[in-house]
Amino acid sequence: MEHVLSSATLTELRRPRPYPAVSVLTPTHRREPDKAQDPVRLRNVLAEAKKQLEADPAVTRERRTDVVQQLEQALAEVDLSHSEDGLAIFAAPGEHQVWSLARTVPERVVLSDTFLTRNLVAAQAAESPFWVLTVSADRISLWSGGGERVVEADMAGFPLTRSLEPQDVEREERVGDVPSTFRDEETRRFLRDADTALAGVLRSAPRPLYVAGEQAALSLLGEVGTVAADAVHVPHGGLGHAGAEAVWQAVRPLVTAEDLRNIDTVTTELESARGRRAFAAGVDEVWQNATAGRVRLLAVEENYRVTVRDDGGDHLVPAGGDDLDARHDIVDEIVEQCLDTGARVRFVPDGTLADAQGIAGVLRY
């Protein structure tokens, strides 16, 4: 299952597909007893997808067979023993993808000529994603962080590795030119290559960056490149060959502190906007401004969900879950719309926006 959603990946997911492009969404659970229902629920929602494919006269027999095979292959790749809060399965002729999400999703099946990506976008934004670069003399790894975990990112050439075995130990010892690990030219070149690769990643997927390693490694990375200048330094050796849990524990205190600072910044910006009448609150008002591209900063409580429908005009009104016109993931729609128009999106703890009914925005004008 996939976890790391980059801007390039999202662009690829959004491109048009030959009909039918099938999106299957279902909530999942991390713990028992709710976790026990996930396999049955997943099979049921995939059965519904196959039923819709069978009933759609626009789907040829050949394409229906292809897409059903893709759905079955996707099912075989699902690992519910490590499930999070939601699951998205995408299938189209000749392809399929499975995404595990750290944010719950409404159960639904959609047949279209594009995949339904709004829930992935919202889940990524809710995780407050960041990068971690772990630096050692023989291995430099990139980790994608968010949602209280890090996952090694196999991209842009990472991890970078090299051998520390000298080419001519006897000669170096004889003439006395054995360099320090973080002073020889080969190490400088190694870190320079990492800096160049990471700069490309940050251009395509800008996120806060944490750089972890021995102080000598951090200093040299700063000398030979540019990315470390704006990064948070984590002086922590021994992470070059470490696993995900060790890397997460090393950066966790700094990530937590940064999250708290961000919450304070968001609440301050909202109060300032309220004073100058550049403030929107509640799902209907925020939705209207998001649709118009007027939101500069969107703040949403982490577990805020609401089901609405159009009132036949320009407003949203509350709706029941069984309403045929209900929009169950309107919050995720708003998040995606705001990101598409260049707004910052921040998720805050439940209760932070109680006076704004769980969702608020700072307006551009």
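Residues numbered from 1 in each chain as written. Predicted model: local features only at pLDDT ≥ 70, side-chain atom pairs only at ≥ 80, totals over all residues. Heavy atoms only, no water.

Look at helix α6 (residues 185–204): 29 Å from first C-alpha to last across 20 residues, which is about the 28 Å you get at 1.5 Å a residue. Looking only at α6, the buried set comprises Thr187, Phe190, Leu191, Ala194, Asp195, Ala197, Leu198, Ala199 and Val201. Against β5 (130–135), β6 (139–145), β8 (160–161), β9 (209–213) and α7 (215–224) lie the buried residues of α6. N-cap assignment for α6: the residue whose side-chain oxygen lies 3.1 Å from the backbone N of Glu186 is Asp184. (Helix = DSSP H or I, 4+ residues; strand = E, 2+ residues; numbered from the N terminus. Expected span 1.5 Å × (residues − 1). Buried < 20%, exposed > 50% of the residue type's maximum accessible area, 1.4 Å probe, protein only. Contact = heavy atoms within 4.5 Å. Polar contact = N/O pair within 3.5 Å; in protein donor to acceptor, adjacent residues only side chain to side chain.)

On to the packing of aromatic side chains. Scanning all chains against the criterion turns up three aromatic pairs. Ring centres 5.5 Å apart and planes at 80° place the aromatic pair Phe130 and Tyr210 in the edge-to-face group. Within this pair, whereas Phe130 is found in strand β5, its partner Tyr210 is found in strand β9, the two being separated by 80 residues in sequence. According to the relative accessible area criterion, Phe130 is buried, its value standing at 3%. For Tyr210, a relative accessible area of 4% corresponds to the buried category. The ring of Phe279 carries Arg274 above its face, with NZ or CZ at 4.2 Å from the centroid. (Phe/Tyr/Trp six-rings, centres within 6.5 Å; stacked < 30°, edge-to-face > 60°. Lys NZ or Arg CZ within 6 Å of the ring centre and 35° of its normal.)

It is worth spelling out the sheet that holds strand β15 (residues 344–348) at this point. Strands belonging to one sheet form pairs held by backbone hydrogen bonds; the direction of such a pair is parallel or antiparallel. If you trace the four strands from one edge of the open sheet to the other, you get β11-β16-β12-β15, paired in mixed fashion. Two strands lie at the open edges of the sheet, namely β11 (279–281) and β15, each paired on one side alone. Across the sheet, the axes of successive neighbouring strands diverge by a mean angle of 15°, strand direction being ignored. Inspection of the sheet shows β11 paired to strand β16 (residues 359–363) by three bridges, in the antiparallel sense. Note that in β16 the partner of Ala281 across the bridge is Ala360. Seen against the sheet, helix α8 (residues 244–275) touches β11, β12 (295–301), β15 and β16 and runs at an angle of roughly 65° to β16. Docked against the sheet, helix α10 (residues 330–340) engages β12, β15 and β16, running at close to 150° with respect to β12. (Pairing = 2+ DSSP bridges. Axes fitted to C-alpha atoms, helices over the stretch in contact; angles between N-to-C directions.)

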